[in-house]
Every structure is written in C-alpha cells, then in structure tokens.
Amino acid sequence: MVSFVYRQPRIANHSQPFDPPLPGRNFNATLPTSRLFTQGNSKISGYGTQSSLSICTTANRLYSTAAAHDVQATPEPLKSSIELPESNADESRVAIGWPDGTWSRFHHFWLRDHCRCPHCFHPVTKQRMLDTFALPPSLYPKTVVSKPEGLEVTWPTSPPHVSVYPWQWLRHNSYDPRTEPMSIAGQSPPPPIQEKILWGSGIVRDPPTVAYEDVMSDDLAVLKWLEKIDQFGFCFVSGVPATTENTEKLITRINFIRHTQYGGFWDFTSDLAHGDTAYTNLALPAHTDNSYFTDPCGLQVFHLLSHERGTGGQTLLVDGFYAASILKELHPESYDLLSKILVPTHSAGDEDYLYRARPLSGNPILQHDPLNKDLLVQVRYANDHRSAMRNLHPSEVIPWYEALRNWNRCLTSSDSEFWVQLNAGTVVVVDNHRVLHGRSAFSGKRRMCGAYIGLDDWRAKLDALRGRFSSAGSQIKERSVWDVAF
Ligand SMILES: C[N+](C)(C)CCCC[C@H](N)C(=O)O
Ligand SMILES: O=C(O)CCC(=O)C(=O)O
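No experiment lies behind these values; they were computed from the predicted model shown. (Residues numbered from 1 in each chain as written. Chains lettered and ligands numbered in written order. Predicted model: local features only at pLDDT ≥ 70, side-chain atom pairs only at ≥ 80, totals over all residues. Heavy atoms only, no water.)

Enquirer: Sorry, what's going on with the UniProt feature "domain: Gamma-butyrobetaine hydroxylase-like N-terminal" (unreviewed entry) in the protein here?
Expert: The UniProt record marks residues 89-171 with the feature "domain: Gamma-butyrobetaine hydroxylase-like N-terminal" (unreviewed entry), using the residue numbering of this structure. Between the end C-alpha atoms of residues 89-171 there is a gap of 17 Å, over a span that is 13% helix and 33% strand. (UniProt positions renumbered as here; feature names shortened; annotations may be inferred. Helix = DSSP H or I, 4+ residues; strand = E, 2+ residues; numbered from the N terminus.)

So this is what it looks like as structure tokens:
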C-alpha cells in the first residue's frame, strides 16, 4: 500500500528552469483494489478496469497555440487561474512537474519517436510515418516550453521540427513513474474507471438487459449494451423477433460474426450435426467455449427459438471472475496453481479437423494481465475439452486435482450458479473470456441459434463507441491522433 505525497498546487513560474526532481523521490498512490460488497444473499465485488476516451480534441478546441518562445523568455501571463505543468530538460530527459506536485520524466528519444504531427503520424490512418531508425539515438531538444495546449518541444533539425504533446496524453502515458488521472490545465482526464461488477446467483433479481428496438436503431444504445457486457460479463436483449434473420441482424450490430468449424451463424439442435456434445441433449457443465482454440471467441450469443414436446434445457451462467475471487479468498494456493499450471485442450469430434490450442503445452485456466499480475483477464475452462495432463510435475498431480475440485466447488455452488430458462424473444450475450455457461439435460425437440464474435472484434466496437460518445452522450466527430486509447 502506498499513498500520494500531495503538495499544494503552485503557480508555475517559467522564468527559472527547474531541476528535474532528485531520483528516488517519494512517489506513492493508493490504488483501487477489489471491493466486496453484498446485495441480499449474494456477494458482489467490484474492481477497477481501465477505460479511456479521446481527450485532446478538447485541448485543441480550448486553447489557441501561443507564440513559440524560448524557455528562458519572459513567461506569458497565464490565460486564467488554470496553472500549467512545469517543464525542463537535462541531457537525456524532459521532466514534467504536475500540479499535484508529482513529476514525470520522458526520454528525449521517446518523445521524438512519439511525435504525432501530420508528418510523423498519419492523421487519418493513425499510423507512425516517422522513420524511428533514422533518428540519431542521442538527439535532444533545442527548447522545451509549457504551453496551454501541451508540452512544446523544438528539435534542433533544419528547419526545426516542433512537437506538441497534450498534457493529458503525457499524463496518461507517463512511464517514469506511472501516474493516476487528474485534471490538467483545463483538460479533463479520461472518464472515471468503469467498475466490473462481479455477481453470484443474486443477479437473478436484476440481470443486465437492453431492448432490441433500442440497440437496432441507436448507436448510443449499442454502447450502453456493450458497456453492460463489459461490466457484468453478460447481457440479455429483450423483444427480439424469434427468427434467425433478426437474431443475426442483432448480432451484427456489434460486429461481424466469427466463423468456425461450426459455421458462422448457427442454428442447432440435438442431432450430432457436429462431433460435439452441444449437439446432443446431454447436460453441459459450466464452461467457456473454444478452450481448444488459441484465441477463444470473445462473445457467444444464444437465442432459444423453440423447445417442443420436452422438458429441461435450462441455461446456466456463472461469473468466472466472481468464482475466481471466492477461490482466491478460500483457497489461495488453488488459485495460484490454476493460474500457472498449463492445461492442453482439444476438439477432436469431427473427423475433418483436430483442434488443439497453442502453445501445445497448454494454457492456464486463470489468465492474468502480464503487467498487472493481480488482474484476472480470462477464464479458459471446459473440463470436457481438457487433454491428457502430460506436463504436470509428479509433485503437482495431487495438489492440482485438489485445486480443480476447489474450483469446481466455487463454480457449482448455489451462490455462484445463475439458472435461467431462455425463451424465444430473449437473447443472451456472454463474455466468453469471463462468464461460463452450460445447460441442463433436456428431452424433446430444442432449437437454439446464435453466433460467436471475436474478442478483438467486440472490444474494438466498444472502444470505438466509447471514443465517439462523450460521457454525457454527445457525439465526438472525429478520433484524435492523441486519443489515449492507443
Ligand atoms: C453450438 N455451438 C457452435 C455454439 C457450440 C459448439 C460446441 C462448443 C464446444 N463444446 C466448446 O466448448 O467450444
Ligand atoms: O444448448 C445450450 O443451451 C448451450 C450449448 C453450449 O454450451 C454451447 O453451444 O457451447
């Protein structure tokens, strides 16, 4: 646990160059961690996720570009009480003194490489045009000036090359040290972090739901739909006409459908049309799909069109992040084992294919962010697609199976399981990297349709819509080259 050392904001005085802060300065931040709060008989915990919006179009609109002047020149009178960050340079880095008293340091080469003027960064394709490798490794700035619109750096080329880095972009991309969002020089930070809401069986009282007619006609409604999926890991869509055509049209409001060996849009029943138990009337325990693909699908969509002359076939949803948080609390050693032991997987029911996830050595059931190793980012689990566990160390066999039993207990507890009877007209969209699904056995003729959407394909849509709509819902016309999302 660390906490910010906060100093009273100072009016920046540009007349005196500032020495970058001494190394080892006491930087600390109280970072949000997971929170457990209860709602009725189920515990819900939330934890922060990162979301970001384009912000520098705001900066460009708010400020005209001040006349360039040398860092030693008499400072211009501040345009208002909004103070500017301090800036200074030494032989290898530029130091930025933020209004909250903290400092960031950026290497000269890093700054030059990240120039996004129209010559260095294509204004339409958002691709780097600059030849990074033509830059002299030891380049350094001629002048460094704090301007209302951002940090202005003039490079000693002929003619001089001028780069202007918006303050919010620098703050967001500060790597020495990494920083927390804050308002700077009139520029607002990216929107507050949207918490993921972990849920148990209590979600039955108020499951996330959107209306078909809204999402079919309004992109802002699609944004709200995808935000709910991002927040809860699933979302119902009510009022969907019970046809394959309307279901497919609904799905493509998010993005194109991902084709697999099962086809694109699927309309399936218990006829073993494919060599998989989904095409039977057997019960399916909680699992995520495509565990045998190197890249499991991002979303899975189900619409139960009909079920005649039979019973059963209820749908099971389990929040894998919630179940993992319980496992971590009750059996931390099991959580650690499932986070590191590699599980090889296969789909071998169709003679024409043999699918095995890469690397062939396997993937962990609980996958974490490589930078923030406490952040669970994916649950990849289908016990019936698990191949021979050929990579276990002999000493791991017993503890690993114990860990798997503990995991199964968390998944199958009455506190975790959300059973729902789907009906024609209600679609469910599931984040296949977080929420597990299953079904009870059934009899009779049952017809289910739906599709997969790729992880990058639904996330790309969500990020695009987040960038297009401000938090107040108004439309932002164009994506800035300074969007903090990339
Ligand atoms: C019918 N539908 C195409 C949705 C699924 C096909 C089989 C899913 C497989 N058991 C898995 O775990 O991925
Ligand atoms: O038939 C169902 O309700 C779900 C089948 C299933 O789990 C799947 O297709 O992945």
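Enquirer: Which parts of the structure should I look at to understand the state of the cysteines?
Expert: Cysteine pairs can be covalently joined through their sulfur atoms, and such a bond is termed a disulfide. Inspection of every chain in the model, using the stated rule, returns 0 disulfides. Distance from the sulfur of Cys-120, which forms no disulfide, to the nearest cysteine sulfur (Cys-117) is 3.6 Å. Exposure remark for Cys-120: the relative accessible area of 3% places this residue in the buried category. (Disulfide = S-S within 2.5 Å. Buried < 20%, exposed > 50% of the residue type's maximum accessible area, 1.4 Å probe, protein only.)

Enquirer: Explain the site of ligand 2 to me, please; I cannot follow it from the model alone.
Expert: Around ligand 2 lies a shell formed by Phe-268, Ala-278, Leu-284, His-287, Asp-289, Gln-300, Phe-302, His-437, Arg-439, Arg-446 and Met-448. Gln-300 places a side-chain nitrogen or oxygen 3.4 Å from an oxygen atom of ligand 2. Within the contact set of ligand 2, an oxygen atom lies 3.0 Å away from a side-chain nitrogen or oxygen of His-437. Coverage of ligand 2 by the protein chains reaches 94% of its 300 Å² of free accessible surface. (Near = heavy atom within 4 Å. Polar contact = N/O pair within 3.5 Å; in protein donor to acceptor, adjacent residues only side chain to side chain. Areas by Shrake-Rupley, 256 points an atom, 1.4 Å probe, with all protein chains shown as cover.)

Enquirer: Any chance you could explain the site of ligand 1 here in plain terms?
Expert: Taken together, 13 residues surround ligand 1, and among them Asp-276, Asp-289, Asn-290, Tyr-292 and His-385 come closest. Separating an oxygen atom of ligand 1 from a side-chain N or O atom of Asp-289 is a distance of 3.4 Å. Interatomic distance of 2.9 Å between a side-chain N/O atom of His-385 and a nitrogen atom of ligand 1. For ligand 1, whose accessible area on its own is 380 Å², the fraction buried by protein is 97%. For the shell around ligand 1, the per-class residue count stands at 7 nonpolar, 4 polar and 2 charged. (Nonpolar A, V, L, I, M, F, W, Y, C, P; charged D, E, K, R; others polar.)

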